[in-house]
Amino acid sequence: MQGKGVIKFFAILLAVVCLYQLSFTWVARKVESDAKVYSKGDPEKEKAYLDSMSTQPVYPLFKHNYQYVKQREIALGLDLKGGMNVTMQISLDELVRKIANNNPDVVFNQALANADKLQANAQTTQKDYIALFVSEYEKLNPNGKLAAIFSTKDNQDHLKYNASNSEVQAYLKDQANTAVKQSYTVLNTRINQFGVTQPNIQLEQSSNRILVELPGVKEPERVRKLLQGSAKLEFYETFDNTEAYQYLINIDNLLAAKNKTAKTDSSKTAATTAAAKTDTAAKAGSLLSKVQKNAAKDTSAASLASKTQLAAQHPLLSIMQLNLGTDRNGQQALGQGPVVGYAPLKDTARVNAYLNSADVKSVIPRNLRFLWEVKPLKDAKEKAFALYAIKLSGAENGPVLSGDVINDANSDVDPKGNPEVRMVMNSQGAEKWRTVTAEASSGTNKKAIAIVLDDNVYSAPTVQNEISGGVSSISGNFTIEDTKDLANVLKAGRLPAPAHIVSESIVGPSLGQEAINAGVTSSILGLVVVLIFMIAYYNRAGTVAVVAVVINIFFLMGVLTSLGAVLTLPGIAGIVLTLGIAVDANVLVYERVREELGLGKSLRIAVADGFKHALPSILDSQISTFLTGVILFVFGSGPIQGFATTLMIGIVTSLFCSLLISRVIFEWMLDKGWDIKFSNPWSSHTFKNASFKFVKNRFKFYIFSGVFITAGLISIFTRGFSYGVDFEGGRNYIVSFPNKAVTTEAIHDAVDATLGRSTEVKTMGEDKFSITTNYLFSDNTIAGDAKVKSMLISTLSSKPETKITDKNILGGSKVSATIADELKTSAIYTVLFAIFVISAYILIRFRKWQFSLGAMVATAHDALLVLSFFSLFRGILPFSLDIDQAFIAAILTVIGYSINDTVVVFDRIREFLELHHAKTDDPEVVINQAINSTLSRTIITALTVVFVLIVLFIFGGDVIKGFSFALLIGVIFGTYSSICVATPVIVDFGKKDLR
């Protein structure tokens, strides 16, 4: 074998890299274990411990801190780890005000306020927000006409001036529904581009709320900014600090005067305000020096009294500082640019309250607006923000340019390597932008243009030259993540109405920790069973397969971690399939070696020829499966992408280990003179002289499959499926349990028999759980809500450890399916496209369309058999046969396995047709011989995967029993179809072409 040194070098290099990547997980878990020991069960102490370690070196060899290693550990999905649960509320009151052009009508505004209170207080009401608003308006003004408020120039085509209140209500309802759906779409797009694998996003039915779950989120602040931003991008001219500083001094004096009004008359306030207008820049500097000097004193009682007096004398400037610098002579002077001052984060709310008060607005010009910078100052000792003076333009006092002119936005870096966002404007925006920048850059006193998103200043560069062409950038104190998020928000589009986070929490894994532990343990046990079987069946050669499989899993996990892939239940399904593929490649080689030994060849030559002759079958099967993974990854989303990622990486690592690592090990053993056996006495003749009449009995197989699928289709169209919560939606309840030690498994045991096994349970803290059930989901009445809630309480109370009362139900709502119709449609079309591409590949490789047809029929056959099984036997078997996200993973695994198995059988048939028969031989006989010759490989590969799945099914726990069962019957059907369905199709459609 040539190139052994290169293979060894790459194997060692890859092993070192994978070990390094996986070590982050071990170090992070060690720190978290220490935190648990230190806290002794106190979550606040545990959090404090981890926070204190975030900047401390915890990786002895490389001195990495905890925050660094935590970001690089194996990422687990929401089903395995949990994540952040956020409830977003679309602000329909602001949408209604916008539709009414902010009508000042007193009754209108009071009705909105009343509707806000009712919606906040009434958790069980069936009325939506629009219905509540109309009802309140009619109570306040029984004879009032809403059309007079809402029939504006913008919507006169849809709403006439004489429209009835019911027509206005229908129009507002339609606009509200559209806004909520658009918000759902925008948020979904933002979340998908955020880089979170397999997020859940649900519409709360008959409501303006959207529920979002993000797995393994480490940056809640970043998520809040991403979700709540309405993407209102605007470009403003600015005032220079020398023009705007005096207004802050005026405001400070006005506020000080107001503090004295309790002791003095209002005339003194007017005098003080007038006097303030005569202040100069020098006085501003003197004033600020005085304020800062007093504020910097110690915290003694006298000092505190002095600060209190200072705050009364200078309410604004005692909590913020003006933008001051030094001139050429070193004297204190006003700073240049649009920044007028700075304030610590803790004081920005007070500054806003001052600036937004009616009295203060009276001394500020109508075209002046103060806005904060989006990020804190970089080098400040405490988190502080800059305040900008924004110049409003036009008759409506708005921006000089709006964000709707942006065609595209991308994260980029400037020539100095600093992160920025590159924007491309349309032709109209480009022309306006050229005019604006030309005006700002004219003359010696060049102006800044502020780029504002959702009322936060992202940057305010001073324009040096006219910008033409419509390509510009947003730069500032940004990280790469900042620019990615900003570009993401701009591309995803604006929210039609503001969205606010009304609740957020950290949720536990949807599978439950006990189920995860059981799944991991059973997977390891299944792997051990497979490895023992390989040694028992292939003797010493089996140990080489064991080493190759273990190395393959190690490489797979290392690569997944290094790429930042998120491991979910579908990902585990991909690993199960990868295990089957890895073993299959070894089995193909070993069976070929056994054939070569049977021809009397020496061991060294038999090993070389075995690898050589098995290579085409291995490559064909792996390439076809890899193509499936590529298509699923490119066109799929959510669980489909998670499965595809693991599958593609697993195929690459399997090929490397099965073809190269195994070969190097065999060469080393041969060089050492070891006697390598490829069988034990009991397995040496297994299937050796098999002569089953598969082709002759093909019509029996047609009948069996036809009857089963027909019965299944009848059941599908009559009985249907048992859909899980993620496919159908359900009622969600937040439940607090008096028993602090209750587990998700205990809750499942209590409710599954009554409410259905598809009930979803997630932890939300120590004693709170999110329980979602689709029991009586189609009943939309108040009585139906009450019945489900009552049933939940009674079923939980049937067991002492989960007993609750009505008071323990903290909240309830109806939620839509987590798997949207678009995802279902996308999944179907993606799978169909994958089958088509694989068929095209098989046609190119095998040169006969009958092989492509056989592969298509076998794949469709396997998918239909699994679907039929789940419909026919739902409610009969004593475990869940729900159609849910786990089922999607299972059906994809079945398709991948079926294609892999079918291609291997086809490859042997092609070989026999080309090399092992004369033209006068009957093709049916030759094909039957080919099937029997590869029967050992087919059965052994199937058995190795089935062993893993049986162990997973028996010991994996009830929560994933349906998932493992779907995989089990799918693998069995896939093995059956490769021999008994795909091959007969070739025979019956190619009788003339095969000769």
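Residues numbered from 1 in each chain as written. Predicted model: local features only at pLDDT ≥ 70, side-chain atom pairs only at ≥ 80, totals over all residues. Heavy atoms only, no water.

1. With respect to the packing of helix α23 (residues 698–718) against helix α28 (residues 849–872)
Contact geometry for α23 and α28: axes closest at 8 Å, N-to-C directions at 55°. Classified by the interaxial angle, the pair formed by α23 and α28 is oblique. You can see that α23 and α28 cross each other, and the crossing is left-handed. Between α23, through S705, F708, I709, A711, G712, L713, S715 and I716, and α28, the contact on the second element is made entirely by H861, L864, L865, L867, S868, F869, S871 and L872. Broken down by class, the residue content of the contact of α23 with α28 amounts to ten nonpolar, six polar and no charged. (Axes fitted to C-alpha atoms, helices over the stretch in contact; angles between N-to-C directions. Helix = DSSP H or I, 4+ residues; strand = E, 2+ residues; numbered from the N terminus. Parallel < 35°, antiparallel > 145°, perpendicular 65-115°, else oblique. Left-handed = near helix turned anticlockwise from the far one by under 90°. Contact = heavy atoms within 4.5 Å. Nonpolar A, V, L, I, M, F, W, Y, C, P; charged D, E, K, R; others polar.)

2. Details of the sheet that holds strand β15 (residues 406–413)
Taken in spatial order, the three strands line up as β15-β16-β19 in an open sheet, and their pairing is antiparallel. Every other strand in the sheet has two partners, leaving β15 and β19 (471–475) as the edge strands with one partner each. Neighbour-to-neighbour, the strand axes of this sheet turn through a mean angle of 25°, independent of strand direction. Sheet topology note: the strand β16 (residues 419–425)/β19 ladder contains five bridges and is antiparallel. Across the sheet, the residue bridging to M423 is S472, located in β19. (Pairing = 2+ DSSP bridges.)

3. Comments concerning unusual backbone geometry
Phi at N102 takes a positive value of approximately 55°, unusual for a residue other than glycine. Within the element layout of this structure, N102 appears in the loop between α4 (92–99) and α5 (106–121). The class for N102 is exposed, based on a relative accessible area of 58%. The backbone phi angle of N539 is positive, close to 60°, even though this residue is not glycine. Here N539 shows up in the loop between α18 (513–538) and α19 (540–562). (Buried < 20%, exposed > 50% of the residue type's maximum accessible area, 1.4 Å probe, protein only.)

4. Some remarks on a nonpolar patch on the surface
On the surface, V6, F9, F10, L13 and V17 cluster together into a nonpolar patch covering about 460 Å² of accessible area. By secondary structure assignment, the location of F9 is in helix α1 (residues 4–39). (Patch = residues over 30% accessible without salt bridge, like charges linked within 9 Å, V, L, I, M, F, W, Y side chains within 5 Å. Areas by Shrake-Rupley, 256 points an atom, 1.4 Å probe, with all protein chains shown as cover. Salt bridge = Lys/Arg side-chain N within 4 Å of Asp/Glu carboxyl O.)

5. Concerning the environment of S654
Tracing the sequence through the fold places S654 in helix α22 (residues 639–671). By relative accessible area, which is 0% here, S654 ends up buried. Beyond its immediate stretch of four places on either side in the chain, S654 contacts N552, T578, I581, A582, Q622 and L659.

6. Side note on helix α14 (residues 345–355)
For α14, the set of buried residues is D347, T348, V351 and L355. One face of α14 carries all of its buried residues, which in axial projection span an arc of 120°. Exposed and facing more than 90 degrees away from the buried side of α14 are K346 and A349. On its buried face, α14 sits against α10 (241–260), β11 (339–344), α15 (358–361), β12 (368–372) and β13 (384–391). (Arc of directions from axis to C-beta.)

7. Regarding the pairing of β16
The buried fraction of β16 amounts to five of the seven residues, a majority that puts the element mostly inside the structure. In terms of strand pairing, β15 meets β16 through seven bridges, oriented antiparallel. Among the inter-strand pairings, A409 is bridged to a residue of β16, identified as M423. Taking the residues between adjacent antiparallel strands as the criterion, β15 and β16 are bridged by five residues, where G417 takes a positive phi near 90°.

8. Observations concerning the nonpolar core
Core analysis: the largest hydrophobic core is formed by 68 residues, its most contacted members being F851, V866, F870, F906, I909 and I927. Of all the secondary structure elements, the ones that give two or more residues to this core are α23, α27 (821–846), α28, α29 (885–915), α30 (923–933), α31 (935–955) and α32 (961–989). Listed in part, the 43 residues of the second largest apolar core include F133, F150, A176 and V212. (Core = buried A, V, L, I, M, F, W, Y, C linked by side-chain atoms within 4.5 Å.)

9. Focus: the pattern of salt bridges
Under the definition given, this model contains 25 salt bridges. Connected through shared salt-bridge partners, R592, E595, R908 and E911 make up one network.

10. Considerations on the side chain of N586
Looking at the secondary structure, you find N586 in helix α20 (residues 569–598). Accessibility expressed as a relative area gives 2% for N586, which makes it buried. Ignoring sequence-local partners within four residues, the contact set of N586 consists of A545, A548, S658 and S662.

11. Details of the packing of aromatic side chains
Inspection of every chain in the model, using the stated rule, returns 38 aromatic pairs. Look at F846 and F851: their rings are 5.1 Å apart centre to centre, the planes differ by 20°, and that puts the pair in the stacked class. Classification of F846 by relative accessible area gives buried; the value is 4%. A connected cluster of aromatic rings, assembled from ring pairs, spans F533, Y537, Y538, Y590, F611, F666, F678, W682 and F947. Its guanidinium or amino end placed over the ring of F239, K391 lies 5.0 Å from that ring's centre, counting from NZ or CZ. Its end group placed over the ring of F846, R910 keeps NZ or CZ at 4.4 Å from the ring centre. (Phe/Tyr/Trp six-rings, centres within 6.5 Å; stacked < 30°, edge-to-face > 60°. Lys NZ or Arg CZ within 6 Å of the ring centre and 35° of its normal.)

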